[in-house]
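# Chain and residue survey
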Amino acid sequence: MERKELIVDYSEYASVAELADDERELMERAMETALNAYAPYSHFHVGAAVQMADGTIVTGSNQENVAYPSGLCAERVAMYSASAQNPGQTMTAMAIVGYNEGEYCEASPCGACRQVMAEYEQCSEHEMTVLCYLAGGRIRRIRGVKSLLPFTFEAQL
Ligand code: THU
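Here's what I pulled together on the structure shown here. The residue numbering used here restarts from 1 in each chain and proceeds along that chain's sequence as written. For this predicted model, a pLDDT threshold of at least 70 governs which residues receive local features, and a threshold of 80 or more governs which side-chain atom pairs are given and counted, while totals over whole chains, interfaces and linings are taken from all residues. To obtain the side-chain values, all non-hydrogen atoms of the structure were used and water was disregarded.

Moving on to the nonpolar core. The criterion is simple. A nonpolar core is a set of buried Ala, Val, Leu, Ile, Met, Phe, Trp, Tyr and Cys residues joined through side-chain atoms within 4.5 Å. Each residue's exposure class comes from its accessible area (1.4 Å probe, protein chains only) as a fraction of the maximum for that residue type: buried when under 20%, exposed when over 50%, partly exposed otherwise. With 22 residues, the main nonpolar core has Val 50, Met 79, Met 91, Met 94, Ile 96, Met 117 and Val 130 as its most contacted residues. Put simply, DSSP marks the helices as runs of H or I at least four residues long and the strands as runs of E at least two long, and each gets a number from the N terminus on. Of all the elements in the fold, those that place two or more residues in this core are β2 (45–52), α2 (74–85), β4 (91–100), α3 (111–124) and β6 (129–133). Apart from residues no more than four positions distant in its own chain, Val 130 is found in contact with Met 94, Ile 96, Met 117, Arg 140, Arg 141, Ile 142 and Leu 148. Whether two residues touch is decided by their heavy atoms; if any such pair falls within 4.5 Å, the residues are in contact.

Shown next, in the form of structure tokens:
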């Protein structure tokens, strides 16, 4: 038996203002986009912004549907749109924020979105930085999807 440990590599910032310029812009784009969510059932709005290697930013908001499982999280709307419009291009970072009852709030990506992030990260062989808005306006900056989802599913197809 060999006991092993994993490192979850992240930092926290007191506010958006403390981020580097490019990451602050990414979070601000996610914040704008959260207001475009179509969330008439949960009333929980989420915005996501993906930074591409060439500097392009692609945004997404959660889209719900009366047939509940047909809806999609903001993160996957953003990543699928980013990949559809920029096939094969590296996604270097993603910012995520919630918006509820008139205030920005914490949003941490769900398991399914983490799996999708992990695959785009593996394809590009470049770490994706994930910025999550936290309660009180703090920001969590996670270095690489491995710190969000270890032991991802990888099929040998
Ligand atoms: N949602 C996201 O868009 N991203 C997350 O990280 C968590 C949840 C959406 C799904 C649904 O439309 C609403 O938030 C409430 O769960």
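Turning to the environment of Val 116, a few remarks are in order. You can see Val 116 is positioned in helix α3. For the pair formed by Val 116 and Thr 59, sequence separation is 57 residues and the distance between their alpha carbons is 16 Å. Those residues in contact with Val 116 that sit more than four places away from it in its chain are Arg 76, Met 79 and Tyr 80.

Turning to the state of the cysteines, a few remarks are in order. Disulfides are covalent bonds that link the sulfur atoms of two cysteine residues. When the sulfur atoms of two cysteines come within 2.5 Å, that pair is taken as a disulfide. Evaluated as defined, the whole model comprises zero disulfides. Looking at Cys 105, it has no disulfide partner, and the nearest cysteine sulfur is the one in Cys 132, 12 Å off. On the basis of relative accessible area, Cys 105 is assigned to the buried category, the value being 19%. Looking at Cys 132, it has no disulfide partner, and the nearest cysteine sulfur is the one in Cys 113, 11 Å off.

So, about the site of the ligand. Taken together, Ser 42, Phe 44, Val 46, Asn 62, Glu 64, Cys 73, Ala 74, Glu 75, Ser 108, Pro 109 and Cys 110 form the complete shell of residues around the ligand. Between N or O atoms, a polar contact is any pair within 3.5 Å; within protein, one atom must be a potential hydrogen donor and the other a potential acceptor, and residues adjacent in sequence are included only when both atoms are from side chains. Note that an oxygen atom of the ligand is positioned 2.9 Å from one of the side-chain N or O atoms of Asn 62. Between an oxygen atom of the ligand and a side-chain N or O atom of Glu 75, the distance comes to 2.6 Å. Contact with the protein chains hides 74% of the accessible area of the ligand, taken as 380 Å² for the molecule alone. Here, proximity means that at least one heavy atom of the residue falls within 4 Å of the molecule or strand. Note on areas: these come from Shrake-Rupley sampling with a 1.4 Å probe, and a residue is covered only by the protein chains present in the view.

Our focus in this paragraph is the environment of Val 130. Residue position: Val 130 is located in strand β6. By relative accessible area, which is 0% here, Val 130 ends up buried.

Here we take up the pairing of strand β7 (residues 139–143). As judged from the four bridges shared by strand β1 (residues 10–13) and β7, these two strands associate in the antiparallel manner. Bridge assignment links Tyr 13 to a residue of β7, and that residue is Ile 139. For two strands to be treated as a pair, DSSP must find no fewer than two bridges joining them. In this sheet, β7 lies alongside β6 in antiparallel orientation, the contact comprising five bridges. Opposite Leu 131, over in β7, you have Arg 141 as the bridge partner. Between β6 and β7, which follow one another and run antiparallel, lie five residues, and Gly 136 among them has a positive phi close to 75°.

Attention now goes to the side chain of Arg 114. Along the chain, the position of Arg 114 falls in helix α3. The positive count covers Lys and Arg only, the negative count covers Asp and Glu only, and His and the chain ends enter neither. In what follows, salt bridge is the name for a side-chain nitrogen of Lys or Arg lying within 4 Å of a carboxyl oxygen of Asp or Glu. Although Arg 114 is buried, it makes no salt bridge; Glu 75 carries the closest opposite charge, 7.7 Å away.

Two side chains carrying opposite charge are able to pair once their charged atoms lie near each other. One pass over the full model with this rule turns up eight salt bridges. For Glu 5, the salt bridge is made with Arg 3, and the minimal N-O distance between the two is 3.0 Å. Relative accessible area serves as the criterion here: at 65%, Glu 5 is assigned to the exposed category. For Arg 3, a relative accessible area of 67% gives the class exposed. The residue Arg 138 makes a salt bridge to Glu 12 at a minimum N-O spacing of 3.7 Å. With Arg 138 in the loop between β6 and β7 and Glu 12 in strand β1, this pair connects stretches of sequence that are 126 residues apart. Given a relative accessible area of 34%, Glu 12 falls into the partly exposed group. Members of the salt-bridge network, linked through shared partners, are Asp 9, Glu 127 and Arg 143.

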